[in-house]
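A closer look at the structure
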Number of protein chains: 2
Amino acid sequence: MTEISKTEFEVLEAIWQGHPASAQQIIERLNDTKPWHEKTVKTLLNRMVKKDAISFEKVQRSYFYSPLFARDEYTFKESKSLLERMFSGRLSPLVSHFVKSDELTKDDINELKDLINQWEKDNG
Amino acid sequence: MTEISKTEFEVLEAIWQGHPASAQQIIERLNDTKPWHEKTVKTLLNRMVKKDAISFEKVQRSYFYSPLFARDEYTFKESKSLLERMFSGRLSPLVSHFVKSDELTKDDINELKDLINQWEKDNG
DNA sequence: TAGTTAAGACTACAATTGTAATCATTATTT
DNA sequence: AAATAATGATTACAATTGTAGTCTTAACTA
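Calculation rules
Residues numbered from 1 in each chain as written. Chains lettered and ligands numbered in written order. Predicted model: local features only at pLDDT ≥ 70, side-chain atom pairs only at ≥ 80, totals over all residues. Heavy atoms only, no water. Domains from an automatic or database assignment. Contact = heavy atoms within 4.5 Å. Buried area = accessible area lost by both parts, 1.4 Å probe. Polar contact = N/O pair within 3.5 Å; in protein donor to acceptor, adjacent residues only side chain to side chain. Nonpolar A, V, L, I, M, F, W, Y, C, P; charged D, E, K, R; others polar. Least-squares fit on C-alpha atoms with pLDDT ≥ 70 in both. Pairing = 2+ DSSP bridges. Helix = DSSP H or I, 4+ residues; strand = E, 2+ residues; numbered from the N terminus. Axes fitted to C-alpha atoms, helices over the stretch in contact; angles between N-to-C directions. Near = heavy atom within 4 Å. 1 Å grid on protein atoms, 1.4 Å probe; cavity = no way out; pocket = protein on both sides within 12 Å on 5 of 7 lines; lining within 4 Å. Points joined across faces, edges and corners; volume = space filled by probe spheres on them. Parallel < 35°, antiparallel > 145°, perpendicular 65-115°, else oblique.

Details of the domain arrangement of chain A
Residues and elements named next belong to chain A. Each assigned domain of chain A is listed with its residue range as follows: domain 1 (1–89) and domain 2 (91–124). When each unit is reduced to the centre of its C-alpha atoms, the spacing between domain 1 and domain 2 is 29 Å. On the side of domain 2, four residues touch domain 1, which itself brings four residues to the contact. Carbon and sulfur atoms supply 84% of the area buried between domain 1 and domain 2, which totals about 320 Å² over both sides. Taken together, the connections running from domain 1 to domain 2 amount to zero residue pairs in polar contact (both at pLDDT 80 or more). Residues of the side of domain 1 that touches domain 2, tallied by class, amount to three nonpolar, one polar and no charged.

This is the structure:
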């Protein structure tokens, strides 16, 4: 898959919200959270087209963009990369950090338990 | 904390293995895994000194480097940053990826269960 | 129809990054 | 003492990134 910068990822998020999306729509979505300069967004869109992260269809004067990979696919790849680089590819050292840091709520813990139950049902 | 590139992080890893460490020692450690050019490593060391990621003490001609923050501190910060950026700061969507992807072993699952038990003992 | 907009293309430009080579200086070896 | 080697400092240089500005062209407006 393509290498995406953090800023490019933010723009991609706006596209994943719904596509094909025009530059205008994308800019509006982005501005819901924080101010983005139109030119900046256009540049980022351009770059992502060039690096095959998104595609576009031309409708009259304007383009409608779509992602070339799913959000899940990308976030999973990035997560694995981080685990690889800092935890020898293992999940529990990362989880351990959070568990021990007082950052988790009872709900978070319950979600984790559900996931584990799911795994145990599916596997051994 | 300081912004560290992925490559700089690899060099830092070698320092975390034991410090203060001379450039030579660091280069040797790095070469255990893959070939690194001496000049490249020296450049990275220099940059990290400048960005206050590591310090050094001069002993004769050479420097002995030490990290200015702990490995745990850094990996946790990076993990949180990734969760923040791609999972609204929540842990379970990330764990969910792994649980569902057939990437976990029974041992991994047991480790997670232990962590959860630990949390439950400490909290609620 | 002439002027103004709006789209995207192209250009800009400094900071960071990866990857070294060269320079200056101090040890060390003949 | 002179030559050589080893250290870190400085310089190099292209690619990527963040952040826009300018240019070209098509479309809308007065």
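Thoughts on the relation of the copies chain B and chain A
Mapping between the two copies of the chain is achieved by a rotation about an axis and a shift along the axis. For the match of chain B to chain A, the screw axis carries a shift of 0.0 Å, the RMSD comes to 0.0 Å, and the turn is 180 degrees. On the angle and the small slide along the axis, the relation comes out as a two-fold axis. Looking at chain B, 100% of its interface residues are interface residues in chain A too, so the copies touch through the same face.

Remarks on the sheet that holds strand β3 (residues 62–67) of chain A
Residues and elements named next belong to chain A. Within the open sheet, the three strands sit side by side as β1-β3-β2. Their pairing is antiparallel. Since the sheet does not close on itself, it has two edges, and those belong to β1 (21–22) and β2 (54–59), each with one partner. As judged from the six bridges shared by β2 and β3, these two strands associate in the antiparallel manner. Within β3, the residue paired with K58 across the bridge is Y63. This element, helix α3 (residues 38–50), spans β2 and β3 of the sheet and lies at about 110 degrees to β2.

Topic: the protein's contact with DNA strand D
As a matter of local geometry, DNA strand D sits amid 18 residues, with A:S5, A:T7, A:T43, B:R61 and B:Y63 nearest to it. Counting only the atoms of DNA strand D within 4 Å of the protein, the fraction contributed by sugar and phosphate is 53%. At a separation of 2.6 Å, a phosphate oxygen of DNA strand D approaches a polar side-chain atom of A:S5. Between A:K39 and DNA strand D, the recorded distance is 3.0 Å, taken from a side-chain N or O atom to a base oxygen.

Some remarks on the pairing of β3(A)
All names here are of chain A. Note that β1 and β3 share two bridges and pair antiparallel. When the bridges of β3 are listed, A21 appears paired with Y65. Here β2 folds back onto β3, and the loop between the two strands holds two residues, one of which, Q60, carries a positive phi near 60 degrees.

Topic: the layout of surface pockets
Counted as a void, the largest pocket has a volume near 370 Å³. Considering the residues around the largest pocket, the lining is formed by 20 residues, among which A:K6, A:E78, A:R85, B:K6 and B:R85 are closest to the centre. Mapped by element, the contributors of at least two residues to the lining of the largest pocket are α1 (6–16) and α4 (71–87) of chain A together with α1 (6–16) and α4 (71–87) of chain B. Class assignment of the residues belonging to the lining of the largest pocket gives a composition of 10 nonpolar, two polar and eight charged.

With respect to the packing of α4(B) against helix α5 (residues 92–100) of chain B
Residues and elements named next belong to chain B. Two elements in contact, α4 and α5, have axes whose closest approach is 9 Å; the angle formed by their N-to-C orientations is 90 degrees. Between α4 and α5, the angle is such that the two are roughly perpendicular. In this structure, α4 contributes L82, L83 and F87 to the contact, and α5 contributes P93, L94 and H97. Taken together, the residues of the contact of α4 with α5 break down into five nonpolar, one polar and no charged.

Quick word on the side chain of B:E78
One can find B:E78 in helix α4. Discounting residues that sit within four places of it in the chain, B:E78 has contacts with A:L82 and A:M86.

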